[in-house]
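Chain residues, written in single-letter form:
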Amino acid sequence: MQNKAAPPDPAHDELAKADHAHLWHPFTPMSLWLEQEPLVIARAEGQELIDENGRRYLDGVSSLWCNVHGHNRPEINEAITRQLKHVAHTTLLGLTHRPAIELAKRLAHISPPKLTRVFYSDAGATAVEAALKMALQYWQMAGLKGKTRFGSLADAYHGDTLGAVGVGYSHLFHHFFEAVLPDTLRLTPPHLLRWRNGMTHTEALERAITDADRIITGESKHLAAIIVEPLMQGAAGMWPHPPAYLRALRDITTRENVLLICDEVATGFGRTGTMFASQQAGISPDLMCLAKGITGGYLPLAATLTTDPIYEAFLGMPQDGKTFFHGHTYTGNPLACVAALTSLDLFESDQTLKHLDSIIPSLQQKLEAKIAPLNHVADVRQQGLMVGIELAADTKNRKAYPAHDRMGAKVGIEARNRGVIVRPLGDVVVLMPPLSIQENELIELVSVTRDAILATTEAR
Ligand SMILES: *Cc1c(COP(=O)(O)O)cnc(C)c1O
């Protein structure tokens, strides 16, 4: 993709000024933002974003991990337009509607076994909040009043609302809020043992499972649930764990009467090569959180799925006091639900999972050939179409760059100048293209990433 210099556009200048004057961007050091010309996206097509000046960029992170079938898909556009002529929004509090009903049925059908009930909300964080509150209320109603704690993996990320922050942890993101966060039990996933203690894959896995068993068993009287991002911890910097670890967590939690919540917000909808990551471990959680890819990346929608036994524990007359008093105004929005239904249709008509069967190994091959050998690439981690490329000043001793060098961010800028949008997590360059990415685009994604890493790391 060649980015020809376009003539300056006065309207664009106005937009940029107004952005700088009035917008506060998420997860963004605003002082740095104000130093740069903002990239204003005007349109998108397929796997490409198009800015106000008509320049095209490959969307290397699926518009923050949510786009599935490409942008501006006529099928989804038409479904939303059709629904718009019926009704844009109507509530699920006391009423219901066809798109929400049909989607719930489809989600229950494609999910791991036993997940039969769908509770809607509108973001990954809210799907997690609902799961946490369901777990808490479930045990309170069961008379096990001591079960009020949660367990999660070290460096987990589950969203930015307070409950979700309580089970996630990133010092950088969360340290200001620590005083009000619950005391969550932390399990150490295999990869940390491997890096910190120099263990082999097998040793680290065995040790992680033994530790989890001991910790969960010791605390089971107080534990309501363990929450986990199955197979790949995304925001932690793309850290994978083997399916065997997830299976062990399922076995231990079942045995110890602790609920298991799979946060599939990032991994769901084909991202790891199967519809849901937990399916690769052959497990079924008690609660599953979905968002990001659920609408194909079109509109905000989320769902918390659960089993009959959990759902049935909430049944009873109002005076029994078992109602789940929780919900959001735009929960199960019909436009979002039809986008989600059409996205599921596209999984079938595009044969998305079959496409992944060839595109995932192709990406792996390219990463091995072009990225892994680079002098300042310490590690390449891939799980389906989720990739983390870890940069290091000294790869042999795994010595990081000083944070203020902002190497990851610089790679992002170099890539953008070459027509590809990537957004790093610290010094981990993330590649997370739409599942619909084509072979030629994959070649471009990897070669631009390579050039951007070289331009950044060899220029010092
Ligand atoms: C992105 C993410 C969330 C939060 O989703 P939002 O829609 O941004 O609230 C939660 N869990 C995981 C695993 C995520 O990757």
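Read on for a plain summary of the structure. Sequence positions are assigned chain by chain, starting from 1 and proceeding in written order. Reporting of local features is limited, given that this is a predicted model, to residues whose pLDDT is at least 70; pairs of side-chain atoms are given and counted only at 80 or more, and all residues count toward the totals for whole chains, interfaces and linings. The basis for the side-chain values is all heavy atoms of the structure; hydrogens and waters are excluded.

### A few points about helix α4 (residues 74–86)
No. 1: With 13 residues, α4 ought to run about 18 Å at 1.5 Å a step, and its terminal C-alpha atoms sit 19 Å apart, in line with that.
No. 2: Buried, partly exposed and exposed residues are distinguished by accessible area as a fraction of the type maximum, computed with a 1.4 Å probe on protein chains only: under 20%, between the cut-offs, and over 50%, respectively. In this description a helix means any DSSP run of H or I spanning at least four residues, a strand means any run of E spanning at least two, and both kinds are numbered starting from the N terminus. Taken residue by residue, α4 has I76, A79, I80 and Q83 as its buried positions. The arc enclosing the buried residues of α4, seen along the axis, measures out at 95°, which places them on a common side. Facing away from the buried surface of α4 by more than 90 degrees, the exposed residues are R82 and K85. In this analysis, the expected span of each helix is defined as 1.5 Å times one less than the number of residues it contains. Directions are taken from the helix axis to each C-beta atom, and the arc is the one they span.

### Regarding the sheet that holds strand β1 (residues 41–45)
No. 1: Strands sit in the order β1-β2-β3-β15 across an open sheet of four strands; the sheet is mixed. What marks the edges here is a single partner per strand, and that holds for β1 and β15 (420–421). DSSP-based pairing: two strands are paired if at least 2 bridges between them are found.

### Observations regarding the pairing of strand β10 (residues 259–263)
No. 1: Taken across its five residues, β10 has five buried, putting it largely inside the fold.
No. 2: Burial along β10 is two-sided: the face carrying L259, I261 and D263 and the face carrying L260 and C262 are both buried.
No. 3: Where β10 meets strand β11 (residues 287–290), three bridges bridge the pair, whose relative direction is parallel. Bridge pairing in β11 places C262 opposite M288.

### Things to note about unusual backbone geometry
As a rule of thumb, non-glycine residues mostly have phi less than zero, and peptide bonds are mostly trans rather than cis.
No. 1: One non-glycine residue with positive phi stands out, namely K292, at about 20°.
No. 2: Looking at the element boundaries, K292 is found in the loop between β11 and β12 (302–307).

### Notes on the site of the ligand
No. 1: The immediate surroundings of the ligand are formed by W65, A123, G124, A125, Y157, H158, G159, E229, D263, V265, A266 and K292.
No. 2: With respect to the ligand, the backbone of G124 contributes an N or O atom lying 2.7 Å from an oxygen atom.
No. 3: We define a polar contact as two N or O atoms separated by no more than 3.5 Å, with the added condition that, inside protein, one atom must be a possible hydrogen donor and the other a possible acceptor, whereas residues neighbouring each other in sequence contribute only through side-chain atom pairs. One of the side-chain N or O atoms of K292 is found 2.7 Å from an oxygen atom in the ligand.
No. 4: A total of 380 Å² of accessible area belongs to the ligand in isolation, and the protein chains cover 81% of it. What makes a residue near a molecule or strand is one non-hydrogen atom of that residue sitting within 4 Å of it. Computed with the Shrake-Rupley method and a 1.4 Å probe, the accessible areas treat only the protein chains shown as cover for residues.

### Details of the side chain of D379
No. 1: Within the secondary structure, D379 sits in strand β13 (residues 377–383).
No. 2: Of the residues examined, D379 reaches a relative accessible area of 18% and is grouped as buried.
No. 3: At 2.8 Å, the side chain of D379 forms a polar contact with the side chain of R381.

### Considering the pattern of salt bridges
No. 1: Salt bridge, as used here: a side-chain nitrogen of Lys or Arg that lies within 4 Å of a carboxyl oxygen of Asp or Glu. This model, assessed by the stated rule, comprises 21 salt bridges.
No. 2: Between D183 and R149 there is a salt bridge whose closest N-O contact spans 3.3 Å. Note that D183 is positioned in the loop between α8 (171–174) and β6 (185–187) and R149 in strand β5 (residues 149–153), a separation of 34 residues in sequence.
No. 3: Classification of D183 as exposed rests on a relative accessible area of 61%.
No. 4: The salt bridge involving R381 is made with D379; its shortest N-O contact spans 2.8 Å.
No. 5: One network of salt bridges, in which partners are shared, links R43, E45, E48 and R56.

### Concerning the side chain of T456
No. 1: On the secondary structure map, T456 appears in helix α16 (residues 439–457).
No. 2: In terms of polar contacts, T456 uses its side chain to reach the backbone carbonyl oxygen of A452, at 2.7 Å.
No. 3: Residues within four places of T456 in sequence aside, it is in contact with M407, K410, V411 and E414. In this analysis, two residues are considered to be in contact whenever any of their non-hydrogen atoms come within 4.5 Å of each other.

### Here's the deal with the nonpolar core
No. 1: Among buried residues, the Ala, Val, Leu, Ile, Met, Phe, Trp, Tyr and Cys ones that are joined through side-chain atoms within 4.5 Å form a nonpolar core. Within the largest apolar cluster, 51 residues are counted, with the highest numbers of intra-cluster contacts made by L103, L107, F269 and I389.
No. 2: When residues of this core are assigned to domains, at least three fall in each of domain 1 (10–69 + 358–457) and domain 2 (77–349).
No. 3: Beyond its immediate stretch of four places on either side in the chain, I389 contacts L367, I371, V377, D379, D427, V428, V429, L431, T449 and I453. Domain delimitation in this document rests on an assignment produced automatically or drawn from a domain database.

### Some thoughts on the environment of D251
No. 1: Topologically, D251 is positioned in helix α11 (residues 243–255).
No. 2: Distance from D251 to L223, taken between C-alpha atoms, is 15 Å for residues 28 residues apart in sequence.

### Focus: the environment of I216
No. 1: Mapped onto the fold, I216 is located in helix α10 (residues 201–219).
No. 2: Judged by its relative accessible area of 0%, I216 is buried.
No. 3: Spatially, the C-alpha atom of I216 lies 46 Å from that of E444, the residues being 228 residues apart in sequence.
No. 4: When residues no more than four places from it in sequence are discounted, the contact partners of I216 are L187, L223, I226, L249, I252, T253, E256 and V258.

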